[in-house]
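Structural features, examined
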Amino acid sequence: MPQTDTATAIFEAHRPRLLRIGYRMLGSRSEAEDIVQEAWLRWIAADRTAVAAPYPFLARIVTRLCLDQMKSARARRETYVGAWLPEPLVETGEEGVDEDDLTLTLMMALERLSPLERAAFLLHDVFGLPLGAVADTLGREAPAVRQLAVRARRNVRSARPRFPVAREEGERIARAFFDASVSGDVASLRTLLAQNAVLCSDGGGKVLAFRNPIAGVERLLRLFAGVRRKWGPDRAALVAPVWIDGLPGYVSRERGGLLQTTALAIEDGRITAIYITRNPDKLRHVLADIADRRPH
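Quantities reported herein were computed from a predicted structural model and do not represent experimental measurements.

1. Section: unusual backbone geometry
Even without being a glycine, Asp245 presents a positive backbone phi close to 50°. Position of Asp245 relative to the elements: it lies in the loop between strand 3 (237-244) and strand 4 (247-254). Given the relative accessible area of 3%, Asp245 is considered buried. For Asp268, which is not a glycine, the phi torsion comes out positive at approximately 55°. Mapped onto the elements of the fold, Asp268 is located in the loop between strand 5 (258-267) and strand 6 (270-277). In this structure Asp268 comes out as exposed when scored by relative accessible area, which is 59%.

2. Notes on the sheet that holds strand 3
With respect to topology, six strands assemble into an open sheet ordered 2-1-6-5-4-3, the strand pairing being mixed. This sheet does not close on itself; its edge strands, each paired only once, are strand 2 (214-215) and strand 3. As paired elements, strand 1 (residues 193-202) and strand 2 share two bridges and run antiparallel to each other. What sits directly across from Val198, in strand 2, is Ala215.

3. A look at the packing of helix 3 (residues 54-78) against helix 6 (residues 131-138)
One way to put it is that helix 3 packs onto helix 6 with a least axis distance of 9 Å and a crossing angle of 45°. Comparing the axis directions of helix 3 and helix 6 gives the class oblique. Helix-helix and strand crossings are classified by hand; for helix 3 and helix 6 the assignment is right-handed. Taking contact as the criterion, the partners of Arg60, Thr63, Arg64 and Leu67 in helix 3 are, on helix 6, Asp136, Thr137 and Leu138.

4. Details of the confidence of the model for the protein
Scored by pLDDT, the protein has a mean of 89; 95% of the residues are at 70 or more. Segment residues 93-97 is flagged for pLDDT under 50; beyond a separation of four residues in sequence, or across chains, it makes eight contacts in the model.

5. Looking at the pattern of salt bridges
Evaluation of the coordinates by the stated rule reveals 18 salt bridges. Among the ionic pairs, Arg60 bridges to Asp136, the shortest N-O distance being 3.1 Å. Here Arg60 is found in helix 3, whereas its partner Asp136 is found in helix 6, with 76 residues between them in sequence. Between Glu111 and Arg118 there is a salt bridge, and its shortest N-O distance comes to 2.7 Å.

Thresholds, definitions, all that
Residues numbered from 1 in each chain as written. Predicted model: local features only at pLDDT ≥ 70, side-chain atom pairs only at ≥ 80, totals over all residues. Heavy atoms only, no water. Helix = DSSP H or I, 4+ residues; strand = E, 2+ residues; numbered from the N terminus. Buried < 20%, exposed > 50% of the residue type's maximum accessible area, 1.4 Å probe, protein only. Pairing = 2+ DSSP bridges. Axes fitted to C-alpha atoms, helices over the stretch in contact; angles between N-to-C directions. Parallel < 35°, antiparallel > 145°, perpendicular 65-115°, else oblique. Left-handed = near helix turned anticlockwise from the far one by under 90°. Contact = heavy atoms within 4.5 Å. pLDDT = per-residue confidence, 0-100. Salt bridge = Lys/Arg side-chain N within 4 Å of Asp/Glu carboxyl O.

Dropping the structure here:
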């Protein structure tokens, strides 16, 4: 096999995991794809005869590119209109794309970490790189990287679900929530929502969305009842039930044909968080993923 073909085969074998690193670091699938493409160019230009293990080498490239990208990303977040949510990663069934233990709730918790803490946690705890390889990637001594990972674990511990929701139960609750929220069925919503439930809505200033999180079951019940009175029972149509970053949810078409994803964090049979993404810039992949799921 020619040398370039061999290099391509090696890179493509690791591409799914590299995309996962990029997405988990940045919260953006489109930016992760750009990062991985840049990593490909650097891989082709590298002296590959000096690379003993391709995956740690490639993971190092992707992580360092992500750390550079995060500087500008954080600056953009400071001027972002309203709540910021990670770009929704709809479960596709493609091997390696969405197979890790992170949920959207945990992704939100990762936003509280410094870039180096986030990288240490992801590379070591999630993607299984040895501590020495992580230290080499971050340009730090191993004890310092160990402390980064410890601090990261401490900060995200509360975001890990104690009892992950079973798939069948999650899908049942997601469908019940869609039906009750669209119909304005306050009684049913009350049985579905936890007392401290919170709703976060990301429109990016491009479409209508709530600028601030809405917390508490009573406020949420008034919200859904008010939306039902204002827009009527036909404001939304279900496109597909899906799993989004490890959480049950759905894709819908809202009033005016607006595409929307809704992901639900569930604990002890009750919805504790509702994550709604309406920013069209973050939903470009969703249309393709939904199309791929449908029979042709």
